[in-house]
Amino acid sequence: MPGKVPAAPQIRVDHSLPVPLYHQISEPLRKLITSGQLEPGTRLEDELSMAKRLGVSRPTARRALQNLVDLGLVIRKRAIGTIVAPKAIHRDLELTSLYEDLYRAGKKPSTKVLEYTITTPPAHVAISLGISEDQPVAYIRRLRFADNEPLAILTNYIPEDIAPKPAELSEHGLYAAMKNNSVSTHTARQKISARKATQTEAELLKESRGAAVLTMERIGYDAEGRAIEYGAHIYRASLYSFTMSLNAN
């Protein structure tokens, strides 16, 4: 972090080996990060300092650091430098809320409600919920944190008559808040994709513009088959992944 001396772990580079020099640098760093010896938030030395200290070219040092970026182990931030990334959160594809999943992963979830309005739904949302375009819905946009680190932007449309109140969403996950009002999501249909973050999304998630994000579109149904929520969520790909189990018939 700014003001602290960047970490410069002892690494031996042997020019006589057939192993690429950048790999001789990135692999020891990878092991130090995955073992926890270099903790999340630790700032690494810059490529110029690394190149000079290890006796390699600056492009070699840059490639070594980029290799760690590609693995999702470090993050390069302007005016800060290269820091060890927070531990990634892996989410099983189950019908659970992100709030619950973070608790199970040992993270501390928190929520900032960015917007809560009663409005009419866009055409595609009305179709997904099986309602008319003039039926009022709660439009809810939230920023979800894990251990105070922004993780996801959550946007939901819920029929007004069953929508939880804003205060409930600050203290609970969506499904828990709905369950408190005797509304439960029984089944869901969802689609997962990937794209680049917009400038606004990147600023909220503390990512660089154009950074990769995962997207999930979900339609939730109650036990009677009524569509009760439409969600369009965005997750930081650098910190988040989905896991699924597949079984042969």
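An unreviewed UniProt entry lists the chain under the name HTH gntR-type domain-containing protein, from Winkia neuii BV029A5.

A closer look at the packing of aromatic side chains
Within the structure shown, the criterion is met by two aromatic pairs. Relative to Tyr157, the ring of Tyr139 lies with its centre 5.1 Å away and its plane at 50°, an arrangement referred to as tilted. Of the two residues, Tyr139 is situated in strand 6 (residues 137-146) and Tyr157 in strand 7 (residues 149-159); the sequence distance between them amounts to 18 residues. The buried category is assigned to Tyr139, whose relative accessible area is 16%. The exposure class assigned to Tyr157 is buried, which follows from its relative accessible area of 13%. Aromatic pair Tyr157 and Tyr230: ring centres 6.2 Å apart, planes at 55°, arrangement tilted. Within this pair, whereas Tyr157 is found in strand 7, its partner Tyr230 is found in strand 10 (residues 227-236), the two being separated by 73 residues in sequence. An aromatic cluster of three or more residues is present, and its members are Tyr139, Tyr157 and Tyr230. Stacked on the ring of Tyr22, the Lys or Arg Arg63 has its end atom at 4.0 Å from the ring centre.

Regarding the nonpolar core
By size, the foremost hydrophobic cluster in this structure holds 19 residues, and its most contacted members are Ile25, Leu29, Ile33, Leu38, Leu44, Met50 and Leu54. Elements with a minimum of two residues in this core: helix 1 (21-34), helix 2 (47-54) and helix 3 (58-70). In this structure, Ala138, Ile162, Ala163 and Leu169 belong to the second largest nonpolar core, which totals 12 residues.

Things to note about the pattern of salt bridges
Across all of its chains, the model carries 10 salt bridges by this definition. The salt bridge involving Arg236 is made with Glu149; its shortest N-O contact spans 3.1 Å. In this pair, Arg236 is assigned in strand 10 and Glu149 in strand 7, connecting sequence segments 87 residues apart. Residue class for Arg236 comes out buried when judged on its relative accessible area of 0%.

Focus on the confidence of the model for the chain
Mean pLDDT for the chain: 83, with 86% of residues reaching 70 or above. A low-confidence stretch, residues 244-249 (pLDDT under 50), is modelled with one contact involving residues beyond four sequence positions or located in other chains.

Comments concerning the sheet that holds strand 1 (residues 43-44)
One open sheet holds the three strands; their spatial order is 1-3-2, and the pairing between them is antiparallel. Two strands lie at the open edges of the sheet, namely strand 1 and strand 2 (74-77), each paired on one side alone. When strand 1 meets strand 3 (residues 81-84), the two strands line up antiparallel, connected through two bridges. Across the sheet, residue Leu44 finds its bridge partner in strand 3, namely Thr82. Set on the sheet, helix 3 makes contact with strand 1, strand 2 and strand 3; between it and strand 2 the angle comes to about 115°.

What counts and what doesn't
- Residues numbered from 1 in each chain as written.
- Predicted model: local features only at pLDDT ≥ 70, side-chain atom pairs only at ≥ 80, totals over all residues.
- Heavy atoms only, no water.
- Phe/Tyr/Trp six-rings, centres within 6.5 Å; stacked < 30°, edge-to-face > 60°.
- Helix = DSSP H or I, 4+ residues; strand = E, 2+ residues; numbered from the N terminus.
- Buried < 20%, exposed > 50% of the residue type's maximum accessible area, 1.4 Å probe, protein only.
- Lys NZ or Arg CZ within 6 Å of the ring centre and 35° of its normal.
- Core = buried A, V, L, I, M, F, W, Y, C linked by side-chain atoms within 4.5 Å.
- Salt bridge = Lys/Arg side-chain N within 4 Å of Asp/Glu carboxyl O.
- pLDDT = per-residue confidence, 0-100.
- Contact = heavy atoms within 4.5 Å.
- Pairing = 2+ DSSP bridges.
- Axes fitted to C-alpha atoms, helices over the stretch in contact; angles between N-to-C directions.

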